[in-house]
Amino acid sequence: MMELKTVVDALVTRFDAQPSEFRGQTRLLVSREHLVEAATALRDEFGFEMLTEQTAVDYWPQESPRFHVVYWFTSWQHGGLRLSLRVPVPGDDPTLPTLEGVYPNANWHERELWDMFGLRFEGHSDLRRILMPYDWVGHPLRKDYPLGYEEVQFSFNHEEIQARKPQPKD
Amino acid sequence: MSDVTLSAVSLEEIKHLVSDRALTGETMLLNMGPQHPSTHGVLRLLLELDGETIVNCIPDIGFLHTGVEKNMEAKRYEQAEVMTDRLDYLNTMGNNLAYCLAVEKLVDLDVPPRAQAIRVIMTELQRLASHLVWLGTHALDLAAMSVFLYCFREREIILDIMEMVSGQRMMTTYFRPGGLWRDVPVGFEEAVRQFLRIFPKRVDEYEALLTKNPIFIDRTRGIGVVSKEEALALGLTGPTLRGSGVPYDIRKVYPYSGYEQYDFEVPTREEGDVYARYLVRIEEMRQSMRIIRQALDALPYGPVRSNNRKFVPPPRSEIGHSMEALIHHFKLWTEGFNAPADSVFVSVESPRGELGVFLEGDGGNRPYRVHFRTPSFVNLQALPKLAKGHLVADLVAIIGSIDIVLGDVDR
């Protein structure tokens, strides 16, 4: 039976990953250059046969990194070991390599992230919108994408909201 | 806006998904859905057909997308829970449970044992109700009309129990962070026991109608086969994975809500076809009954909500004579509670597979990011692989056997 510590130590030394822990869950911060190698190592050497979850978080207005792409891997054969990788992605260049070649079910997860966050996965076989209509403009889960309702203006935030409102063109 | 014009999807955009024969017109492209009775919701499948054989199957989803994740970011932790009911509308209690467990883990909140036991009973009843809808519609798709009527008859009993405890048949929001909305009413235990008395015989009746039925076996055996290795690589979970021989069940691998204290088995089959998935789900119904019976026998007395007043509002009776309780009540109902700026990932076993919730806080009273790893979304992705080479009529059986709910796919 594999210990999670073995996997974490190996990834830290080989891919310069930064580990952190919260409520008993282990996360590793890796750069996008090392992502595919790290995932391949997880699958082939450490027996993580499932990509359980792939999602992203937008930290706008922070720009570098603006996004974190979050992966959760599961190893059923080692009694349910679970490990997360987090990949920081800058806002001015939202691209990262696809994991489709390593875990086939990354295909739809990555299409969803392209649709919702505008993250481009290089080498993806079918990067089309998946949930929103094909001619939709914008990426709804980005933090600078409005929810749609009008904010209540008080005297203390009147100017701030006024500036954000779409102004008629001159 | 007049400057945005609708452009039609051309064959150019999906050229890489179909074979070369489609471009010359040798094979036919056919739309199945979005409004088709056997797609179990609003699912559109673009089929490339050679005669009646499926060459390629391209699922097109998103018709039920309601932006639940975006909406939850604008609501407080407790308010956001009502949206989870609307994801997988056949598994409302399970969705509530997954979300509540995620919030509880994020803020480190305890749940009293009685609440945990009732959570287990209710989610297992919900699993039965969901499997009954699956069995009814799956058999109906394969032209066994009567099974549908029997299944919905039994499902009514479960929905009545749901209404009894939560006031709602489907959109329950009964579990809350820290416990339950309120304790179960008088008569709950008797109602569940009455259901457990009649239900085992009813499962035998469904089996008598289907399991050895030659038409049903012809339509399901050897159809939509997926091997163990493929199933794991595709990330399949739930009965769809267990039908291929992998005993991966979240209730056993990562026990939650006290599932480790109940004695139950994880049924698996090796064949990996539609029939194997049918047998696994039928056996799961029996196991769910075992769990409910054990939980009901050992149901402890005590409070059903945590008494951590920073997260759970005080009972009405305390507000009248305790200043502190009044302050907590006011704070929680106007501002809610704050969660740390970190993230957790929690998963539960839904009737369809692994339902995961990724929850990230930012120190405030609203979730910064919620993502639902829904089992239907991931399992539906395997459909093209399962359907390739089968007849259009078999596709109906395959869709039924992976048991998708489109609200769960599209979120």
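Fair warning: this is a prediction, and the values are worked out from it, not measured in the lab. (Residues numbered from 1 in each chain as written. Chains lettered and ligands numbered in written order. Predicted model: local features only at pLDDT ≥ 70, side-chain atom pairs only at ≥ 80, totals over all residues. Heavy atoms only, no water.)

## Things to note about the packing of helix 5 (residues 113-141) of chain B against helix 6 (residues 145-166) of chain B
Residues and elements named next belong to chain B.
Stage number 1. The contact between helix 5 and helix 6 brings their axes to 8 Å, and the two run at 160°. With respect to helix 6, the axis of helix 5 lies roughly antiparallel. Of the two possible hands of crossing, helix 5 and helix 6 adopt the one that is left-handed. When helix 5 is examined against helix 6, the residues M122, L125, Q126, L128, A129, L132, V133, L135, G136, T137, A139 and L140 are found in contact with a partner set consisting of M145, V147, F148, C151, F152, E154, R155, I158, I161, M162 and V165.
Stage number 2. Taken together, the residues that form the contact of helix 5 with helix 6 break down as 18 nonpolar, 3 polar and 2 charged. (Axes fitted to C-alpha atoms, helices over the stretch in contact; angles between N-to-C directions. Helix = DSSP H or I, 4+ residues; strand = E, 2+ residues; numbered from the N terminus. Parallel < 35°, antiparallel > 145°, perpendicular 65-115°, else oblique. Left-handed = near helix turned anticlockwise from the far one by under 90°. Contact = heavy atoms within 4.5 Å. Nonpolar A, V, L, I, M, F, W, Y, C, P; charged D, E, K, R; others polar.)

## Thoughts on the nonpolar core
Stage number 1. Grouped together as the largest cluster of nonpolar side chains are 164 residues, with contacts concentrated most on Y71 of chain A together with M122 and L125 of chain B.
Stage number 2. Counting residues per element, this core draws most heavily on helix 5 of chain B, which supplies 13 residues.
Stage number 3. Not counting residues up to four positions away in its chain, the partners in contact with L125 of chain B are I158, I161, M162, V192, F195 and I292 of chain B.
Stage number 4. Counting 7 residues, the second-largest nonpolar core is a separate cluster that includes Y59, V70 and W72 of chain A together with F358 of chain B. (Core = buried A, V, L, I, M, F, W, Y, C linked by side-chain atoms within 4.5 Å. Buried < 20%, exposed > 50% of the residue type's maximum accessible area, 1.4 Å probe, protein only.)

## Description of the sheet that holds strand 2 (residues 44-50) of chain B
All names here are of chain B.
Stage number 1. The 3 strands lie next to each other as 1-2-3, forming an open sheet whose pairing is antiparallel. Whereas interior strands pair on both sides, the edge strands pair on one side only; in this sheet they are strand 1 (28-32) and strand 3 (53-60). Strand-to-strand, the axes of this sheet are offset by a mean angle of 25°, without reference to chain direction.
Stage number 2. As judged from the 7 bridges shared by strand 2 and strand 3, these two strands associate in the antiparallel manner. Pairing of R44 across the sheet is with D60, part of strand 3.
Stage number 3. Here helix 17 (residues 392-402) sits on the sheet in contact with strand 1, strand 2 and strand 3, set at roughly 145° to strand 2. (Pairing = 2+ DSSP bridges.)

## Remarks on the sheet that holds strand 6 (residues 343-350) of chain B
All names here are of chain B.
Stage number 1. One open sheet holds the 3 strands; their spatial order is 6-7-8, and the pairing between them is antiparallel. Lying at the two open borders of the sheet, with one neighbouring strand each, are strand 6 and strand 8 (369-373). Ignoring strand direction, the axes of neighbouring strands in this sheet form an average angle of 15°.
Stage number 2. In the packing of helix 4 (residues 92-107) onto the sheet, the strands contacted are strand 6, strand 7 (353-360) and strand 8, and the crossing angle to strand 6 comes to about 155°.

## Things to note about the interface of chain B and chain A
Stage number 1. Each partner contributes to the interface: chain B provides 54 residues, whereas chain A provides 48 residues.
Stage number 2. Carbon and sulfur atoms supply 58% of the area buried between chain B and chain A, which totals about 4,400 Å² over both sides.
Stage number 3. Three residues stand out in chain B for area buried against chain A, namely K70, F345 and Q381 of chain B, and they jointly supply 15% of the buried area on that side.
Stage number 4. E73 of chain B is paired through a salt bridge with K143 of chain A; the nearest N and O atoms lie 3.1 Å apart.
Stage number 5. At the junction of chain B with chain A, the criterion picks out 27 residue pairs in polar contact (both at pLDDT 80 or more).
Stage number 6. Of all the elements, strand 6 of chain B adds the most residues to the side of chain B that touches chain A, at 4 residues.
Stage number 7. Looking at the side of chain B that touches chain A, its residues break down into 29 nonpolar, 11 polar and 14 charged. (Buried area = accessible area lost by both parts, 1.4 Å probe. Salt bridge = Lys/Arg side-chain N within 4 Å of Asp/Glu carboxyl O. Polar contact = N/O pair within 3.5 Å; in protein donor to acceptor, adjacent residues only side chain to side chain.)

Shape descriptors only; they carry no functional weight alone.
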